[in-house]
Amino acid sequence: MRFIALLLIATSSFAQNLTPGFNSQEYRELMHIFAETSLDSSGKYPPYPGWTRLIRSQEVGLDNLWELWSHTSGKHLICVRGTTMKGESWLENFYAAMVPAQGTLKLNSSTEFNYDLAQNERAAVHVGWLLGMSYMALDLDPKIDSLMQAGVKDLLVMGHSQGGAISYLLTSYLKRKQAKGLLPTDLVIKTYCSAAPKPGNLFYAYEYESSTAGGWSFNVVNPADWVPETPISIQTLNDFTPVNPFIHAKSAIKKMKFPQNLVLKRVYKKLDKPTRKAQKNYERYLGKMASNLIRKSQPEYLPPAYFTSNHYVRTGQMIVLYPDEKYYELYPADPNKPFGHHGLGQYLYLLDQLAK
C-alpha cells in the first residue's frame, strides 16, 4: 500500500520529458543514485534534488537487488546494484557460458522463468547475468505493471559494472515485452549502462542496437578500466553469419592439387581446432562446473542447455571517457589495485573532463 501511495504522489505531476542522446547531467544524476543503491558511498554522492526512492527490493538470487526511484518531472528509474562482496555475487560474473536469448530458466522446483531477449535464434547471452536478471524480473514485473497503470511514460534503466550488464538484459526484456504488446507502445525506455562488461554475442548485439537505435542506450566506459573488456571472447568459425566463405572451405581444399591441399588442410585445422577446444573448455569450466557452485546457494536451480559459443562483443553505443595525464596523476596504474579505474569517483572525474 505504501508503494501505491508513493507512486500516486510521484506521478501526480507526470509529464513526458526523456529525450534521445547522451546527457552528461542525466548520467551524473543516475550515478549518484547508483551510489545510494550500492550502499558503499557513505554519503559522498547524495541523490540530486527531485529524486525520491520509492522501493528497495529484497536481495534475491545471487545477491541481486534493484531500486525504483521517481523524479518530480515524472520520469522513473530502475537502478540495478552491481557486484557485492558476497561469493555468490562474484560467481554470477564467472558463470559465463552462453545460453540462447530466448528460453526458460528453472529457478526452483516451483518457479520457471520464461525469457525473451531477442528474436534472432542465433542471439545468445551470459547465463550468470541472465540468472540474476530473472530473479529480479519476477519481482519487478508487478511493479512495472503498477507504473503503467499510473500512466508513467518515461522509464530509465541504469546500472554500473555487473549492474550495467544486467541493465542490458533487462532493457531487452522490457523492449521485447513492448514489441509483443505487453507494455504500452508509447512507453519511452532509456538505458545508461556504466562500466558494463559484454552481455552477449554479436547477434544479440545487433538486435539490441537496432531496438535502442536513435540515442536510447549507452555504455559509458573508461578505457583504463578492464571490466568492459570482459568476458573473454572466443570466436570460432561457427560464430559467423550462415552465409560466409568458410562453410565451403573443407570441400574447396579437397579439390586443390597435391601438395597444396595437404598444406592448406593442415593450416585450416591449426586455425580452427584451437578455438573449438577453447570454447569447449570455456563451457565446461565457466558453465557446467560453475553451475555446480551456483547450486550450493540455489539448490533447486536446474542449469539450462548451453549455446555453443562464447563470442562476446561490446554492445550498444559507447560513450568513451578518455583519461588524460592529469587523470593518471590522480589515479596511477597500480597492479595491486585491479579496480583502481572502475570506481564511481574515477568515472565522475572523467565525466567532468568530458563536460569541459
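Let me sum up the structure you'll find in this document. (Residues numbered from 1 in each chain as written. Predicted model: local features only at pLDDT ≥ 70, side-chain atom pairs only at ≥ 80, totals over all residues. Heavy atoms only, no water.)

## A word on the pairing of strand β6 (residues 111-116)
Along any regular strand, the residues point their side chains to alternate faces of the sheet. For the record, the criterion: Two strands pair if DSSP finds at least two bridges between them. Secondary structure elements follow DSSP: runs of H or I of four or more residues count as helices, runs of E of two or more count as strands, with numbering from the N terminus.
Summarising the sheet, strand β5 (residues 102-108) and β6 pair through 6 bridges and their orientation is antiparallel. Note on β6: the bridge partner recorded for G103 is Y115. In sequence, β5 turns back onto β6 through a hairpin of 2 residues.

## Overview of helix α4 (residues 127-149)
Put simply, the test is: One less than the number of residues in a helix, times 1.5 Å, gives the span that helix is expected to have. What we call the bend at a residue is the angle made by axes fitted to the seven residues finishing there and the seven residues starting there. Only protein chains enter the accessibility calculation, which uses a 1.4 Å probe. A residue is then buried if its area is under 20% of the maximum for its type, exposed if over 50%, and partly exposed in between.
Between its first and last C-alpha, α4 extends 32 Å over 23 residues, near the 33 Å set by a 1.5 Å rise per residue. Along its length, α4 shows its largest kink, about 40 degrees, at L140, and proline P142 lies within four residues downstream of that point. Of all the 23 residues making up α4, 18 are buried; the element is thus mostly covered by neighbouring parts of the structure. Directly beyond the C-terminal end of α4, a positive phi value near 90 degrees is found at G151.

## Let's talk about the packing of aromatic side chains
Here is the rule we go by: Stacked, tilted and edge-to-face are the three classes assigned to paired rings of Phe, Tyr and Trp, where Trp is represented by its six-membered ring and a pair needs centres within 6.5 Å; plane angles under 30 degrees give stacked, over 60 edge-to-face, the rest tilted.
All told, the structure shown has 17 aromatic pairs when counted by the stated rule. Both rings, one in Y168 and one in Y208, keep their centres 5.2 Å apart while their planes meet at 75 degrees; by these two values the pair is edge-to-face. On the criterion of sequence distance, the pair formed by Y168 in helix α5 (residues 162-179) and Y208 in helix α6 (residues 202-211) is long-range, its members being 40 residues apart. Here Y208 falls in the buried class, since its relative accessible area comes to 2%. On the numbers, 6.1 Å between centres and 70 degrees between planes, the contact of Y331 with Y349 is edge-to-face. Taken together, the positions of Y331 in the loop between α9 (325-330) and α10 (344-355) and Y349 in helix α10 put the pair 18 residues apart, joining distant regions of the chain. By way of ring pairs, the aromatic residues F22, Y27, Y192 and F218 are connected into one cluster.

## Regarding the nonpolar core
Nonpolar side chains tend to gather and get buried jointly when the protein is soluble and globular. Basically, it comes down to this: Nonpolar core, defined: a set of buried Ala, Val, Leu, Ile, Met, Phe, Trp, Tyr and Cys residues in which side-chain atoms within 4.5 Å join the residues together. The contact definition used throughout considers only heavy atoms, calling two residues in contact when any of these lie within 4.5 Å.
Ranked by internal contacts, the top residues of the largest apolar core, which has 56 residues, are L117, L130, L131, M133, L170, L174 and Y204. Tallying contributions element by element places α4 first for this core, with 12 residues. Not counting the four nearest positions on each side in its chain, L130 is found in contact with V99, L105, Y115, L117, V125 and L169. Membership of the second largest hydrophobic core comes to 28 residues, among which are M31, A35, M158 and L344.

## Observations regarding the layout of surface pockets
Inclusion rule: Put plainly, a pocket is an open set of points on a 1 Å grid over the protein atoms alone with protein on both sides within 12 Å along at least five of seven lines, a cavity is a set where a 1.4 Å probe fits but cannot get out, and a lining residue has an atom within 4 Å of a point. Grid points are joined across faces, edges and corners, and a volume is the space filled by probe spheres set on the points. Residues were grouped as follows: Ala, Val, Leu, Ile, Met, Phe, Trp, Tyr, Cys and Pro as nonpolar; Asp, Glu, Lys and Arg as charged; and all remaining residues, including Gly, as polar.
Here the largest pocket defines a volume of roughly 910 Å³. Taken together, 33 residues make up the lining of the largest pocket; nearest its centre are T83, W90, S161, F339 and H342. With 3 residues, helix α3 (residues 87-94) is the largest single contributor of residues to the lining of the largest pocket. For the lining of the largest pocket, the class distribution of residues is 16 nonpolar, 14 polar and 3 charged.

## Points about the packing of α4 against α5
The condition is simple: To obtain an axis, a line is fitted to C-alpha atoms, over the contacting stretch when the element is a helix, and the angle between two such axes runs from 0 to 180 degrees between their N-to-C directions. Note on angle classes: values under 35 degrees are labelled roughly parallel, values over 145 roughly antiparallel, values of 65 to 115 roughly perpendicular, and the remainder oblique. Definitions for this section: a left-handed crossing has its near helix turned counterclockwise from the far helix by less than a right angle. A right-handed crossing has that turn clockwise.
Viewed as axis vectors pointing N to C, α4 and α5 meet at an angle of 50 degrees, and their least axial separation amounts to 10 Å. By the angle between their axes, α4 is oblique relative to α5. Handedness of the α4/α5 crossing: right-handed. Here W129, L130, M133, M136, A137, L140, D141 and I144 of α4 come into contact with α5, specifically with Q162, A165, I166, L169, L170, Y173, L174 and K177. Looking at the contact of α4 with α5 residue by residue, the class counts come to 13 nonpolar, 1 polar and 2 charged.

## Description of the side chain of N93
Here N93 lies in helix α3. For N93, a relative accessible area of 17% corresponds to the buried category. With near-sequence residues (within four places) excluded, N93 lies in contact with T83, H126, W129 and Q162.

## What about α10?
Between its terminal C-alpha atoms α10 stretches 16 Å, which fits the 16 Å expected from 12 residues at 1.5 Å a residue. Buried within α10 are the following residues: L344, Q346, Y347, L348, Y349, L350 and L351.

## Side note on the sheet that holds strand β1 (residues 51-56)
Taken together, 7 strands build an open sheet; the order of strands is β1-β2-β3-β8-β9-β10-β11 and the sheet is mixed. Edge strands, defined here as strands with exactly one partner in the open sheet, are β1 and β11 (317-320). Taken pair by pair, the neighbouring strands of this sheet meet at an average axis angle of 25 degrees, ignoring direction. Pairing between strand β10 (residues 217-221) and β11: 4 bridges, direction parallel. Considered in β11, the bridge of F218 is made with Q317. Where α4 meets the sheet, it contacts β1, β2 (66-71), β3 (76-80) and β8 (154-160), and its direction lies at approximately 20 degrees from that of β2. Sheet strands in contact with α5 are β3, β8, β9 (188-194), β10 and β11, and its direction is about 150 degrees off that of β8.

## Comments concerning unusual backbone geometry
Residue P231 is reached from T230 by a cis peptide bond, and omega for that bond is -5 degrees. Topologically, P231 is positioned in the loop between β10 and α7 (249-254). Of note, the phi angle at A195 is positive, near 55 degrees, even though the residue is not glycine. You can see A195 is positioned in the loop between β9 and α6. The exposure class of A195 is buried, given its relative accessible area of 0%.

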